[in-house]
Amino acid sequence: MAEIVDFKIIGDDRGSLISLENLNNIPFEVKRVYYIFDTKEGVRRGFHSHKNLKQLLVCVKGSCVILLDDGINRENVTLCEPNRGLFIGANIWHEMYNFSNDCVLLVLADDFYDETDYIRDYNKFLKTII
Ligand code: TYD
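In this text the structure is predicted, and so the values were computed from the model without any measurement.

## Things to note about the packing of aromatic side chains
Working step 1: Counted by the stated rule, this structure contains six aromatic pairs.
Working step 2: Ring centres of Tyr35 and Phe37 lie 5.8 Å apart, and the angle between their planes is 35 degrees; this geometry places the pair in the tilted category.
Working step 3: With a centroid separation of 5.1 Å and an interplanar angle of 80 degrees, the aromatic rings of Trp93 and Tyr122 are classed as edge-to-face. One end of the pair, Trp93, is in strand β10 (residues 93-97); the other, Tyr122, is in helix α1 (residues 122-128), with 29 residues separating them in the sequence.
Working step 4: Using a relative accessible area of 28% as the deciding quantity, one classes Tyr122 as partly exposed.
Working step 5: Clustering of aromatic rings is evident, with ring pairs tying together Trp93, Tyr122 and Phe125.

## Quick notes on the environment of Gly85
Working step 1: With respect to the element layout, Gly85 can be found in strand β9 (residues 84-88).
Working step 2: Overall, the relative accessible area of 0% leaves Gly85 in the buried class.
Working step 3: Sequence spacing of Gly85 and Ile26 is 59 residues, and the spatial spacing of their C-alpha atoms is 9.2 Å.

## Remarks on the nonpolar core
Working step 1: With 16 residues, the main nonpolar core has Leu57, Cys64, Ile66, Leu79, Leu86 and Leu105 as its most contacted residues.
Working step 2: Of all elements in the fold, only β6 (55-61), β7 (64-69), β8 (74-79), β9 and β11 (104-109) reach the threshold of two or more residues within this core.
Working step 3: Excluding anything up to four places from it in sequence, Leu57 contacts Ile66, Leu79, Arg84, Gly85, Leu86, Ile88, Leu105, Leu106 and Val107.
Working step 4: Phe28, Leu56, Phe87 and Leu108 belong to the second largest nonpolar core, which has nine residues in total.

## Looking at the site of the ligand
Working step 1: Around the ligand, the neighbouring residues are Arg32, Tyr34, Ile36, Arg45, Gly46, His48, Met96, Tyr113, Tyr118 and Arg120.
Working step 2: Gly46 has a polar backbone atom sitting 2.9 Å from an oxygen atom of the ligand.
Working step 3: Within the contact set of the ligand, an oxygen atom lies 2.9 Å away from a side-chain nitrogen or oxygen of Arg120.
Working step 4: Calculation on the ligand without its partners gives an accessible area of 540 Å², and the protein chains cover 60% of this total.
Working step 5: Elements with a contribution of two residues or more to the shell around the ligand: β4 (32-37) and β5 (45-50).
Working step 6: The residue inventory of the shell around the ligand, partitioned by class, reads five nonpolar, two polar and three charged.

## What about the sheet that holds β7?
Working step 1: With antiparallel pairing, the five strands of this open sheet are ordered in space as β8-β7-β10-β5-β12. Each edge of the open sheet carries a strand with a single partner, namely β8 and β12 (118-119).

## Some details on the pattern of salt bridges
Working step 1: Under the defined criterion, the tally for this structure stands at seven salt bridges.
Working step 2: The shortest N-O distance in the salt bridge between Arg44 and Glu95 comes to 2.9 Å. Of this pair, Arg44 sits in the loop between β4 and β5 while Glu95 sits in strand β10; the two residues are 51 residues apart in sequence, bridging distant segments of the chain.
Working step 3: Classification of Arg44 as partly exposed rests on a relative accessible area of 37%.

## Details of the state of the cysteines
Working step 1: The tally for this structure, following the rule as stated, stands at zero disulfides.
Working step 2: There is no disulfide at Cys59, and the cysteine sulfur nearest it, in Cys103, is 3.7 Å away.

How each quantity is defined
Residues numbered from 1 in each chain as written. Predicted model: local features only at pLDDT ≥ 70, side-chain atom pairs only at ≥ 80, totals over all residues. Heavy atoms only, no water. Phe/Tyr/Trp six-rings, centres within 6.5 Å; stacked < 30°, edge-to-face > 60°. Helix = DSSP H or I, 4+ residues; strand = E, 2+ residues; numbered from the N terminus. Buried < 20%, exposed > 50% of the residue type's maximum accessible area, 1.4 Å probe, protein only. Core = buried A, V, L, I, M, F, W, Y, C linked by side-chain atoms within 4.5 Å. Contact = heavy atoms within 4.5 Å. Near = heavy atom within 4 Å. Polar contact = N/O pair within 3.5 Å; in protein donor to acceptor, adjacent residues only side chain to side chain. Areas by Shrake-Rupley, 256 points an atom, 1.4 Å probe, with all protein chains shown as cover. Nonpolar A, V, L, I, M, F, W, Y, C, P; charged D, E, K, R; others polar. Pairing = 2+ DSSP bridges. Salt bridge = Lys/Arg side-chain N within 4 Å of Asp/Glu carboxyl O. Disulfide = S-S within 2.5 Å.

Here it is in structure tokens:
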């Protein structure tokens, strides 16, 4: 279920750089970027699916774990490398947990924030995927 996208690290003796480009190494056109950081100990967030939104998650610093659930299978993906992205398409229930203190989770999305695109009730989510 987990769709991992590996990014090329452009490195030299000064350090590393990663470039993200619409429809090149990002599988959609980015309309919104947000990032989650300073997450408190033990916090679990997410708990929703999207009707249409596509997102790509990159843990650019630290680590966290993403639970993916397509209504049949569940998978837990650890993100701990800035050169690794996790694609989450529509109709995937997801939760985020085990954030390290220094975690910065960068999210690229193919649309603006729209609360009507969210399904925040797990039983409603299960009904949508039948
Ligand atoms: P929320 O959906 O609870 O975050 P998560 O799914 O990561 O647990 O969002 C927290 C608040 O931030 C909520 O009031 C909606 C708002 N928000 C925006 O205004 N824009 C955004 O792009 C996102 C992702 C959330």
